[in-house]
Amino acid sequence: MMCTAKKCGIRFQPPAIILIYENEMKGKSRQRIMPVRNFSKFSDCNKAAEQLKNNPRHKNYLEQVSLRQLEKLFSFLRGYLWGQSLAETMEQIQRETTIDPEEDLNKLDDKELAKRKSIMDELFEKNQKKKDDPNFVYDIEVEFPQDEQLQSCGWDTESADEF
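Rules and cut-offs
Residues numbered from 1 in each chain as written. Predicted model: local features only at pLDDT ≥ 70, side-chain atom pairs only at ≥ 80, totals over all residues. Heavy atoms only, no water. UniProt positions renumbered as here; feature names shortened; annotations may be inferred. Core = buried A, V, L, I, M, F, W, Y, C linked by side-chain atoms within 4.5 Å. Buried < 20%, exposed > 50% of the residue type's maximum accessible area, 1.4 Å probe, protein only. Helix = DSSP H or I, 4+ residues; strand = E, 2+ residues; numbered from the N terminus. Contact = heavy atoms within 4.5 Å. Axes fitted to C-alpha atoms, helices over the stretch in contact; angles between N-to-C directions. Parallel < 35°, antiparallel > 145°, perpendicular 65-115°, else oblique. Left-handed = near helix turned anticlockwise from the far one by under 90°. Nonpolar A, V, L, I, M, F, W, Y, C, P; charged D, E, K, R; others polar.

Per an unreviewed UniProt entry, the chain goes by Centrosomal protein of 19 kDa and derives from Odobenus rosmarus divergens. Under the UniProt heading Sequence similarities (unreviewed entry), the note attached to the chain is "Belongs to the CEP19 family."

Laid out in structure tokens, this is it:
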């Protein structure tokens, strides 16, 4: 079945993921309600999103929906189950999905580091200029202003015979 995802959202009572898609064969907009079962406030959003995306009943419909978007929807549901307001949940998701440039990534565990790397990869893909983009220019040369005199570093001034 050929379908194009238009919108994806969540319903809290009873919990369900709602997908609005267009059937390419008939050209009609349809709504698919995918119930969320066995999800509690202690559940892992990433695992739940993967299970839903790989479910044989919903796999064809969720091909165009990113795993990150499904994770966010499950995070909203988990926040609702914890009794958080929508604004609090949005703020928490914003904190989790942004990278602090001053954060020391060496101190993170493997799971958190993989999450941060996937966020950086997604941001890189979003900002990358591709050959098909209208503003793409090949081989850009940029001159940086030299207002101050360059400071020399001590590590590169030592001679090789000191080793």
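**Student:** Give me the lowdown on the nonpolar core, citing residues and values where you can.
**Tutor:** Of all hydrophobic cores here, the largest spans 19 residues; its most connected members are Ile 17, Leu 19, Leu 70 and Phe 74. Of all the elements in the fold, those that place two or more residues in this core are strand S1 (3-11), strand S2 (16-23), helix H1 (45-54) and helix H2 (67-82). Contact partners of Ile 17, with chain neighbours within four places excluded, come to Cys 8, Gly 9, Ile 10, Arg 32, Ile 33, Met 34, Val 36, Leu 52, Leu 70, Leu 73 and Phe 74.

**Student:** Summarise unusual backbone geometry; cite the residues concerned and give the values.
**Tutor:** It is generally the case that most residues other than glycine have a negative phi and that most peptide bonds are trans. Gln 13 connects to Pro 14 through a cis peptide bond whose omega is -25°. Relative to the elements of secondary structure, Pro 14 occurs in the loop between S1 and S2. One non-glycine residue, Asn 38, adopts positive backbone phi at about 55°. By the secondary structure assignment, Asn 38 is in the loop between strand S3 (28-35) and H1. Given a relative accessible area of 81%, Asn 38 falls into the exposed group. Here the phi dihedral of Asp 139 falls at roughly 60°; this positive angle occurs in a residue that is not glycine. Residue position: Asp 139 is located in the segment after helix H4 (110-127). Residue Asp 139 is classed as exposed on the basis of its relative accessible area of 56%.

**Student:** Run through the packing of H2 against helix H3 (residues 86-97), naming residues and quoting values.
**Tutor:** H3 packs onto H2 with a crossing angle of 135° between their chain directions and a minimal axis gap of 9 Å. Relative to H3, the element H2 lies oblique. The interaxial crossing formed by H2 with H3 has right-handed handedness. Listed contacts from H3 to Lys 72, Ser 75, Phe 76 and Gly 79 of H2 are Leu 86, Thr 89, Met 90, Ile 93 and Thr 97. Residues that form the contact of H2 with H3 fall into these classes: four nonpolar, four polar and one charged.

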